[in-house]
2 protein chains.
Amino acid sequence: MTTNLIHHEDLRIFAQQVIVKMGASEEDAYYVADNLVTSNLRGIDSHGVGRLKRYVDGIKTGYILPKVSRVVKRDSAVIANIDAMNGLGQPAGVFGMELAIEKAQSTGVGVVTVFNSNHFGFAGYYAMMALKHDLIGITMTNSEPLVVPTFSRNAMIGTNPIAFVAPTNTERSWVMDLATSVVPSGKLEVYDRAGKEIPTGWATDETGSSTNDPAQVLKNLYRGLGEGGIFPLGGEGEIHGGHKGYGLATMVEILCGVMSGGNILRDLKFYENEKYKHPGIGHFFMALDPSYFIDIDSFKAKMDEMITRLKGAEKAEGQDRIFVHGEKEFEECERRTANGIPLDERTAESLLGLSEEFSIDIHFIDSK
Amino acid sequence: MTTNLIHHEDLRIFAQQVIVKMGASEEDAYYVADNLVTSNLRGIDSHGVGRLKRYVDGIKTGYILPKVSRVVKRDSAVIANIDAMNGLGQPAGVFGMELAIEKAQSTGVGVVTVFNSNHFGFAGYYAMMALKHDLIGITMTNSEPLVVPTFSRNAMIGTNPIAFVAPTNTERSWVMDLATSVVPSGKLEVYDRAGKEIPTGWATDETGSSTNDPAQVLKNLYRGLGEGGIFPLGGEGEIHGGHKGYGLATMVEILCGVMSGGNILRDLKFYENEKYKHPGIGHFFMALDPSYFIDIDSFKAKMDEMITRLKGAEKAEGQDRIFVHGEKEFEECERRTANGIPLDERTAESLLGLSEEFSIDIHFIDSK
């Protein structure tokens, strides 16, 4: 592992330079790089720089346009709808969330949708932008169809994440960021690479029944026929609430896809009939000012109190810690900021390939 | 069953009269009755008239005040925070949602919190009020602690439901209403009464491990010590995403309890130290006007299209139907509106008891 350790600043600059070489502005490329590296810092490597090459490929094949002018199609004191012009998802996301924050600062609430966008990285990145303004931040996005509706055998809907964050006083901010499926697709890839079986109730084979074979699920999904897929949060059928995860994913689809006038369900593919196409992904951003409801210091003190009480609950037998959302990621971020980000072999190789292709130096900690 | 069949109008009038006898206004009592009966009509008997006696007991023991004047503590163009003065939850809910709708009609968004309230019945009732105005409706509430945070053995948090509804054109409205736990507590009661084991992964015993014995779980919860409880959506631990349900429940707690300045977590009990007390429940209401984002006819047509495509997906082997949210309940509502509401023996007896106590006639369909 040590050979692939890299300092977050070096990694960010490298990723930014790559995206700039692909035609994006310095600023737009920064947001792509910062979203990727922040995800690595937080320990969520599935959304980290391992994805950089995918964005490069997206630009090369034409489904992501590196340089666009986003257009505000609708705008009011509290609402906006933005056409992202099929550009990079990350700058569109920052643009959308900044607008939601501005509106919340002047009216208490801001709600912004974005359509004609692309994969924007990890959703919590945008929600967390609200924190420094003492606002609640909410972000959702729809995504390529990987999840089967309850009782279906077709991947119809995305892993459609919901991020929700709230400011605190002495405790760390409360940061929730979750896919509305049992697991994100990256988790299947991790098990597949390790040659491990996946737990029953994560994903379905082409008949619509739970399977333990991650390779089969991934092959079905990658073949693009949409047979089988990941179960919604709550798992198979209705016994453990799989219909609830399906409902939450559909809610995200309504807010991001239907309400923005963007694409929905299987229209969100970026590759179809052996051709690349703009997926037309949609995002939802909301900022909410708690100081419109109660005194902000009371709000933050009560957040601290809630967090302390949850963490202080009695542990289940065999457990030694109760977490609150965001805590694990903040701790990992501190460790990785200090010690560097460890990259797995495949990710390091992919970055070295980009380094060579674009003649941009990449500095691992060992080689310094 | 036939002996306990009752027409929804007769049931509504009966329930309203009971609450009026307890000191509520005709209007406030109507909302209690209508919420209960609407839940029965939709087939959600766990939130139906079986709960009427609980509200009566709540008023008798003093933790629900039948006649209060709600106070708007904060008010802006898009936001309000309301003190429900420990009155009945249902009229407070209608008051809050109406305010959210008014604000959304003039600005595009309305967000209203309510504190010092009581159990308000089924959450979807309020969200659905938005539909006739072509608005998206969102409702949440916190509730008495029955759910264990991931890795804890203490019931710390409520089943904290989320309701989300969206208008359509030719299809039925999309209506999602879900507890953020694997199951609501009423489901454990159903299994207990039937002498059946509950599936692994629904609830925990006092050590924090999954149990199949509903009686044990209910006894632990009713003893009021908060040992053991229901698992959050996603089940035990983190393998199937139990931390996601825990996150969603906490999000509801923040919006309903923290942001309103109301009670949170175990403060929400209505019975503690052998005394009744106001639980101080909090609600969250939001209305959102899609016509601020895109043309409303396009929105509704796209909702129809999404619903049609989801229902038309290929079925998993052994399944003959894919549902969308609200569909089952609308169909049940049509059947029960036409044929009457079937009440189980225990519910019928509880209503007959109230009939005798308050000298209010109750008319079952058979006895007409």
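None of the values given here were measured: they were computed from a predicted structure. (Residues numbered from 1 in each chain as written. Chains lettered and ligands numbered in written order. Predicted model: local features only at pLDDT ≥ 70, side-chain atom pairs only at ≥ 80, totals over all residues.)

## Remarks on the nonpolar core
Counting residues in each nonpolar core, the largest one holds 240 residues, and the members touching the most others are A:Ala15 and B:Ala15. Here A:Ala15 is in contact with A:Val32, A:Ala33, A:Leu36, A:Val37, A:Val49 and A:Leu52, once residues within four sequence places are set aside. (Core = buried A, V, L, I, M, F, W, Y, C linked by C-beta atoms within 7 Å. Buried ≥ 20, exposed ≤ 12 C-beta atoms within 10 Å, placed from the backbone. Contact = placed C-beta atoms within 7 Å.)

## Here's the deal with the interface of chain A and chain B
Across the boundary between the two partners, chain A contributes 66 residues, which contact 66 residues of chain B. Contributing elements (two or more residues each) for the side of chain A that touches chain B: strand 3 (79-83), strand 4 (109-117), strand 6 (162-166), strand 7 (174-178), helix 8 (242-258) and helix 9 (296-311) of chain A. Here the residues of the side of chain A that touches chain B are counted per class, giving 34 nonpolar, 22 polar and 10 charged. (Helix = DSSP H or I, 4+ residues; strand = E, 2+ residues; numbered from the N terminus. Nonpolar A, V, L, I, M, F, W, Y, C, P; charged D, E, K, R; others polar.)

## Brief notes about the sheet that holds strand 7 of chain A
Ordered by their spatial adjacency, seven strands build an open sheet running 2-3-4-13-5-6-7 (chain A), and the pairing between neighbours is mixed. With partners counted over all chains shown, the strands left at the sheet margins are strand 2 (71-75) and strand 7 of chain A, one partner each. Each adjacent strand pair in this sheet contributes to an overall mean axis angle of 10 degrees, direction not counted. As defined by bridge partners, strand 5 (residues 136-141) of chain A adjoins strand 13 (residues 281-288) of chain A across six bridges and the pair is classed as antiparallel. The partner of A:Thr141 across the bridge, within strand 13 of chain A, is A:His283. Contacts between helix 8 (residues 242-258) of chain B and the sheet are confined to strand 6 and strand 7 of chain A, with strand 7 of chain A contributing the most and set at about 135 degrees to the helix. (Pairing = 2+ DSSP bridges. Axes fitted to C-alpha atoms, helices over the stretch in contact; angles between N-to-C directions.)

## Some remarks on the relation of the copies chain A and chain B
By a simple turn and slide, chain A fits onto chain B: the slide is 0.0 Å along the axis, the RMSD is 0.0 Å, and the turn is 180 degrees. With respect to symmetry, the two chain copies, as superposed, fit the operation of a two-fold axis. Nearest to the rotation axis, the C-alpha of A:Gly234 is located 2.4 Å from it, this being the minimum over chain A. When the interface residues of chain A are mapped onto chain B, 100% of them again fall at the interface, so both copies present the same face. (Least-squares fit on C-alpha atoms with pLDDT ≥ 70 in both.)

## Side note on the confidence of the model for chain A
Of the residues in chain A, 98% reach a pLDDT of 70 or more, and the chain-wide mean stands at 96. For chain A, helix 6 (residues 185-193) of chain A is the element with the lowest average pLDDT, namely 89, and strand 6 of chain A is the one with the highest, namely 99. (pLDDT = per-residue confidence, 0-100.)

## So, the environment of B:Pro161
By the element assignment, B:Pro161 lies in the loop between strand 5 (136-141) and strand 6 (162-166). Sequence separation between B:Pro161 and B:Leu351 is 190 residues, and the spatial gap between their C-alpha atoms is 27 Å.

## Quick word on unusual backbone geometry
Here the phi dihedral of A:Asn273 falls at roughly 50 degrees; this positive angle occurs in a residue that is not glycine. When you line up the elements, A:Asn273 lands in the loop between strand 11 (271-272) and strand 12 (275-276).

## Some points on the domain arrangement of chain A
Residues and elements named next belong to chain A. Taken domain by domain, chain A comprises domain 1 (1-60 + 340-368) and domain 2 (61-291). The straight-line distance from the C-alpha centre of domain 1 to that of domain 2 is 22 Å. At the junction of the two partners, domain 1 supplies 19 residues and domain 2 supplies 15 residues. Looking at the side of domain 1 that touches domain 2, its residues break down into eight nonpolar, eight polar and three charged. (Domains from an automatic or database assignment.)

## What about the pairing of strand 3 (residues 79-83) of chain B?
Residues and elements named next belong to chain B. Within strand 3, five of the five residues are buried, leaving the element largely enclosed by the surrounding structure. Burial of the side chains of strand 3 extends over both faces: Ile79, Asn81 and Asp83 are buried on one face and Ala80 and Ile82 on the other. Both strand 2 (residues 71-75) and strand 3 contribute to a ladder of four bridges, which runs antiparallel. Directly across from valine 71, in strand 3, lies its bridge partner aspartate 83. In this antiparallel pair of consecutive strands, strand 2 and strand 3, the connection spans three residues. As defined by bridge partners, strand 3 adjoins strand 4 (residues 109-117) across five bridges and the pair is classed as parallel. Directly across from isoleucine 82, in strand 4, lies its bridge partner valine 114. Assessed by its sense of winding, the connection that carries the chain from strand 3 through helix 4 (residues 89-107) to strand 4 is right-handed. (Right-handed = clockwise from strand over helix to strand, strands pointing away.)

## Thoughts on the sheet that holds strand 13 (residues 281-288) of chain B
Each strand in a sheet pairs with its neighbour through backbone hydrogen bonds, running either in the same direction (parallel) or in the opposite one (antiparallel). Sheet architecture is open: seven strands sit in the order 2-3-4-13-5-6-7 (chain B), paired in mixed fashion. Only two strands of the sheet have a single partner each, and these edge strands are strand 2 and strand 7 (174-178) of chain B. Averaged over neighbouring strand pairs, the angle between their axes works out to 10 degrees when direction is ignored. The sheet contacts of helix 8 of chain A involve strand 6 and strand 7 of chain B, and relative to strand 7 of chain B the element is tilted by about 135 degrees.

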